[in-house]
Amino acid sequence: MGKLSCKNLLPCCMGHPPATSPAGATAGVSVKVSDRYVEIKNGIFELTLSNPDGIVTGVRYNGVDNLMEILNKEDNRGIKGTEFRIIYQDENHAEVSFVRTWDPSLEGKAVPLNIDKRFIVLRGCSGFYTYGIYEHQEGWPGFSLGETRVAFKLRKDKFHYMALADDRQRIMPMPEDRVPPRGQQLAYPEAVLLVDPINPDLRGEVDDKYQYSCEDQYNNVHGWISFDPPIGFWQITPSDEFRTGGPVKQNLTSHVGPTMLAMFLSGHYAGDDLTPKFLTGEYWKKVHGPVFMYLNSSWDGSDPTLLWEDAKVQMMIEKESWPYCFALSDDFQKTEQRGCISGRLLVRDRYLDDADLYATSAYVGLALPGDVGSWQRECKGYQFWCRAEDDGSFCIRNIVAGDYNLYAWVPGFIGDYKLDAKLTISSGDDIYLGDLVYEPPRDGPTMWEIGIPDRSASEFFVPDPNPNYVNRLYINHPDRFRQYGLWERYAELYPDGDLVYTIGQSDYTTDWFFAQVNRRTDQSTYQPTTWQIKFNLDSVSPNSTYKFRVALASSANAELQVRFNDQDRTAPHFTTGLIGKDNTIARHGIHGLYWLFNIDVSGAWLVQGMNTIYLKQPRNQSPFQGLMYDYLRMEGPSGS
């Protein structure tokens, strides 16, 4: 084997030593292979993998024999490899591979994928890297891939404190607290009321793993802290490129177990739209990861929660070291094989300003070629996103070579931008696109609007939770929408009739409920709801066409019917039909997939004086069927 040279070979040690400083920190990397196990050491920690399965069975660190849950059976830990090999080994670097190869004899028994699980240990590095290479070959049967991830189950006797953001960390329940008699299941299995938890301080709280979901753009580091001894075990994701659905796609992080996840692909908060479906014979290959499992420890008796601060610093080091040069699969492109693209995005809306506006903070990204907005449902390729500067300028670096469309959306404006031309990125490309102009949907002047066009319902009224179903972390918290059972508060707040919002009088922060949900009756059945928007017109142009634009932040097996000034009209003036399977209401999100509907409104439907728009959601088989609105706008006729 030849020597590796790479200026960023050791990202976890560049400019920032590990929080631990054991005597063996300068030791070289060693690999020991036996019939049952592969052990990799570097003087800081020891990683044990089953042979040839490639299952993490042990992590020895800081005097603790195993940080993994020793009661979790080795045959209950995911996809097993059938062939082990050492990809590379010297005193500075080891990479090992566990491959499971598919063949027709496995049809109906295993997903038709070749799966190559890789693990990397570097000298002086307090943690290990892992990634997976998935391949579906030509001629193989079709299938759907609902979810893929890396999961770690840590020792429940050690790890009780979980952290995923500065303002989202806490002492967590034990797994035993979630089963009777200590726990009582609520409306679905994931949500449990802690009736008699081992830690009495948690009594009366709700635990639900979906309360700890996070948008991918912020889902960079999360994990667990042991207070005795003071150890942190963190999952760091330095790049979103292998995730699906774009930067605001939500995924699970850590939750009771103690469980730590690196989610690569899931339909959470999106539904079947984000489940890739492969045709018979369709060729596909993709690298998921690498992600970094970081270990740190406090040696000086300082507050163990400071390990979170250290993990955040490490996360930034990992992001700056991306793409890793030490991941040796030919399928993982290195810096010199990738390209870069830049430009500036402007917004043109002549009803707002005669001049083009800067697309400040726009989300600009590359995804597989598709239709306008298709990126949020794209789930087979790589995606690369950035946020534009104040002047709309953007630069997307380290793009894997291939064919893409450029997409964008701009907070404060509805709709999606797509550059008409397909972009082919080749190794070493540095493409400057110049000024691009997005013209958001607009037919006439704004007569009135409700909300902020940001693809979220967070600006609307989120009620306090039922005192019997509280997660104390989210009391007086920016993410108060993550409390359990908020869907039931609607009927309590509107006991005698549905929401009525009057333009010019009502305030959407207090008078527009964050979700249009069904009304629960005393018989535990559900009634559909019809909301009203009332607005006054001094005059109407009966032969003109107005425009009503409705942007939805979420839909869960729901339908929006719109009627103008005629609540009893048999056929609505407009209906979306049944849309959406994102389950956001039940899973404490504030958005799922984005939908935009542009409704032509005949002037004949309107009257001089007070008008009423009726918004009905008629599907009422479940409390979780419903809508979240992002933004609503009525425009006057063109040229008015």
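One can find the structure itself at the top, above this paragraph.
As the structure is a computational prediction, the values presented were derived from the model and not from experiment.

1. Some thoughts on the overall build of the protein
Point 1. Secondary structure assignment for the protein yields three helices and 45 strands.
Point 2. Dimensions of the protein along its principal axes, counting C-alpha atoms only, are 85 × 60 × 55 Å.
Point 3. A total of 640 residues make up the protein; the buried ones form 58% of that total.
Point 4. Considering only contacts in the protein between residues 6 or more positions apart, those separated by 24 or more positions represent 71%.
Point 5. In the structure as shown, the protein presents an accessible area of about 25500 Å², 47% of it carried by carbon and sulfur atoms.
Point 6. Averaging the coordinates of the 62 positive side-chain charges in the protein and doing the same for the 83 negative ones gives two points 4 Å apart.

2. Remarks on unusual backbone geometry
Point 1. In the segment running from N51 into P52, the intervening peptide bond is cis, with an omega of 10°.
Point 2. Secondary-structure assignment places P52 in the loop between β3 (45-50) and β4 (56-61).
Point 3. Cis geometry is found at the peptide bond from G257 to P258, where omega equals -10°.
Point 4. Note on placement: P258 falls in the loop between β20 (254-255) and β21 (259-265).
Point 5. In this structure, N62 is a non-glycine residue whose phi angle is positive, near 55°.
Point 6. Unusually for a residue other than glycine, Y269 sits at a positive phi of about 60°.
Point 7. With respect to the element layout, Y269 can be found in the loop between β21 and β22 (277-278).

3. Digging into the sheet that holds strand β18 (residues 230-236)
Hydrogen bonds between backbone atoms are what pair the strands of a sheet, whose relative direction is either parallel or antiparallel.
Point 1. Spatially, the nine strands line up as an open sheet ordered β5-β6-β7-β8-β23-β18-β17-β11-β12, and their pairing is antiparallel. Strands at the two margins of the open sheet, each flanked by one partner only, are β5 (83-90) and β12 (168-171). Across this sheet, the average inter-strand angle for adjacent strands is 15°, counted without regard to direction.
Point 2. Pairing analysis gives four bridges linking strand β11 (residues 159-165) to strand β17 (residues 221-227), with the strands arranged antiparallel. Across the sheet, the residue bridging to A163 is G223, located in β17.
Point 3. Docked against the sheet, helix α1 (residues 306-320) engages β8 (127-136), β11, β12, β17, β18 and β23 (284-297), running at close to 30° with respect to β18.

4. Quick look at the sheet that holds strand β14 (residues 192-194)
Point 1. Pairing in this open sheet of three strands is antiparallel, and the strands run β13-β14-β15 from one edge to the other. At either end of the open sheet lies a strand with only one pairing partner, and these are β13 (183-185) and β15 (206-207).
Point 2. With two bridges joining them, β14 and β15 adopt antiparallel strand pairing. Along β15, the bridge assignment pairs V192 with D207.

Basis of the calculations
Residues numbered from 1 in each chain as written. Predicted model: local features only at pLDDT ≥ 70, side-chain atom pairs only at ≥ 80, totals over all residues. Heavy atoms only, no water. Helix = DSSP H or I, 4+ residues; strand = E, 2+ residues; numbered from the N terminus. Buried < 20%, exposed > 50% of the residue type's maximum accessible area, 1.4 Å probe, protein only. Contact = heavy atoms within 4.5 Å. Areas by Shrake-Rupley, 256 points an atom, 1.4 Å probe, with all protein chains shown as cover. Lys, Arg positive; Asp, Glu negative; His and termini not counted. Charge placed at Lys NZ, Arg CZ, Asp CG, Glu CD. Pairing = 2+ DSSP bridges. Axes fitted to C-alpha atoms, helices over the stretch in contact; angles between N-to-C directions.

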